[in-house]
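These are the residues of each chain, in order.
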Amino acid sequence: MIKIKDKYLEIPLIQGGMGIGVSMGNLAGHVAACGGMGVISTANAGFACPDFWRNAAEDNLNALREQIAKAKKIAAGAGMIAINAMVATTQWFDAIKTAVECGIDAVISGAGLPLTLPELTKGTQTAAAPIVSSGRAAKVICRTWDKRYGVAPDFVVIEGSKAGGHLGFDREDLLNGTAQTPEEILPDVKAEIAPYEEKYGREIPIFVAGGIYTGEEIAHFTKLGAAGVQMATRFIATHECDASEDFKRILLNAKKEDVLIVQSPVGMPGRALNTPLMQRLAKDGKIPHQSCAGCIKTCKPTETPYCITKALIEAVNGNYEEGLFFCGSEVWRLDKIVHVKELIDELMKDWRANI
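Keep in mind that what you see is a predicted model, and the values were worked out from it rather than measured. (Residues numbered from 1 in each chain as written. Predicted model: local features only at pLDDT ≥ 70, side-chain atom pairs only at ≥ 80, totals over all residues. Heavy atoms only, no water.)

Undergrad: Sorry if this is basic, but what is going on with unusual backbone geometry here?
TA: What you tend to see is this: most non-glycine residues have negative phi, and most peptide bonds are trans. With an omega of 5 degrees, the peptide bond running from glycine 19 to isoleucine 20 counts as cis. Within the fold, isoleucine 20 resides in the loop between β3 (13-15) and α1 (25-33). The backbone of asparagine 44 sits at a positive phi, close to 45 degrees, despite the residue not being glycine. Relative to the elements of secondary structure, asparagine 44 occurs in the loop between β4 (37-41) and α2 (56-75). One non-glycine residue, alanine 76, lies in positive phi territory at about 55 degrees. Structurally, alanine 76 can be placed in the loop between α2 and β5 (80-86). When its relative accessible area of 67% is taken as the criterion, alanine 76 is described as exposed. (Helix = DSSP H or I, 4+ residues; strand = E, 2+ residues; numbered from the N terminus. Buried < 20%, exposed > 50% of the residue type's maximum accessible area, 1.4 Å probe, protein only.)

Undergrad: Even after reading the chapter, I still don't get the environment of alanine 227, so can you show me in this structure?
TA: Structurally, alanine 227 is set in the loop between α8 (215-223) and β11 (228-231). Spatially, the C-alpha atoms of alanine 227 and lysine 283 are 44 Å apart, while their sequence positions differ by 56 residues. If we skip the residues at most four places from it in the chain, alanine 227 touches Ile2, Pro12, Pro205, Ile206, Phe207 and Thr222. (Contact = heavy atoms within 4.5 Å.)

Undergrad: Mind showing me how you'd approach the packing of aromatic side chains here?
TA: For the structure shown, the criterion picks out four aromatic pairs. For the pair phenylalanine 155 and phenylalanine 207, a centre-to-centre distance of 5.8 Å together with 80 degrees between the ring planes defines the contact as edge-to-face. On the criterion of sequence distance, the pair formed by phenylalanine 155 in the loop between α5 (135-149) and β8 (156-159) and phenylalanine 207 in strand β10 (residues 206-209) is long-range, its members being 52 residues apart. A relative accessible area of 0% means that phenylalanine 155 is categorised as buried. By relative accessible area, phenylalanine 207 is classed as buried at 0%. Taken together, Phe247, Tyr320 and Phe325 form an aromatic cluster joined through their ring pairs. Against the face of tyrosine 213 rests arginine 234, its NZ or CZ located 4.1 Å from the ring centre. (Phe/Tyr/Trp six-rings, centres within 6.5 Å; stacked < 30°, edge-to-face > 60°. Lys NZ or Arg CZ within 6 Å of the ring centre and 35° of its normal.)

Undergrad: Looking at this structure, I do not really get helix α10 (residues 245-252). What am I missing?
TA: An α-helix turns once every 3.6 residues. As a result, residues three or four positions apart point the same way. Taken as a whole, α10 has its buried residues at Phe247, Lys248, Ile250 and Leu251. Here the buried residues of α10 occupy an arc of 160 degrees about the axis, which is enough to place them on one side. Contacts from the buried residues of α10 go to α9 (233-236), β13 (269-273) and α12 (308-316). (Arc of directions from axis to C-beta.)

Undergrad: Which parts of the structure should I look at to understand helix α13 (residues 340-354)?
TA: Helix length check: α13 (15 residues) gives 21 Å between terminal C-alpha atoms against 21 Å at 1.5 Å per residue, within 8%. Listed as buried for α13 are Val340, Leu343, Ile344, Leu347, Met348 and Trp351. Down the axis, α13 shows its buried residues gathered within 120 degrees of arc, on one side only. Facing away from the buried side of α13, by more than 90 degrees, are the exposed residues Lys341, Lys349 and Ala353. Against β3, α1, α8, β11 and α9 lie the buried residues of α13. (Expected span 1.5 Å × (residues − 1).)

Undergrad: Got a minute to help me understand the side chain of threonine 98 in this structure?
TA: Relative to the helices and strands, threonine 98 resides in helix α3 (residues 92-101). Filtering out sequence-adjacent residues up to four positions away, threonine 98 remains in contact with Leu61, Leu64 and Arg65.

So far we have only geometry, and geometry alone does not tell us how the molecule works.
The following block contains the structure:
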């Protein structure tokens, strides 16, 4: 059992947030029902609304409320329901505020340093957790939260260089294989949070993410001192994953050589499949777009090479030609679609056998 604020995780597993529309209320609810932490992505949660491109801000918040309610109903009080909110998004503040009002159990935030997150969670029952990729980032966040708000993180997620989606590493280090490994980052983060554990009189659990695929690998990190792990890509290959069946099939058919490091309009490198969209970008440098949901703080529509929102919506709907398919480094190992409970039972059986 892992204590997080006033709640407990029965198993050492967080299902990573995947947007747009890949991890929503159905997946998150079923993970929580098994005793883990199910995570809803706040990235353009209202993408399926008919008037999304005209009314994205309102649609996103309404859809987020609906997905949280759906997840809670499925979980029926088991596990924890969380959101993943990217600092880089324009609705970061409003999405978290909405989720907290809905009674979300935790907020996990990365794609930038969530230095002001406690403004939205302090004094509530919602746990606050940053995603970090270095001890230095953990130090900055802990010091800022402590000085400004008198709080420390309720837990921390270390996202390693083998994760999918946006990555907190230098592009060259990712391409050259010189980015720090989770095994190297973990002791640095533990050292940085130790003074705050002492000051606040409680443990700050650490979950490791990025390229973790088996229960044996979960055991590897818990033996190194992590409380557990965050896994995302494996949950794509579940019946309960909110993405389309075509999306799942495309990921299931991926080969090791199909995975590459891409540059996102968010301003960060990421890991995705080498689809026709990526090939056109490599050739032409830019793909014109007509609509804008105003989703990224730094995005300049006239300058951005492509619309990441459109590309991710095309992906979740299964459009191989025009979609951006974020994935972890081990996506090529997916071979069948199972139920969430089957997957978690397998992972936990292997974890217990190796601890």
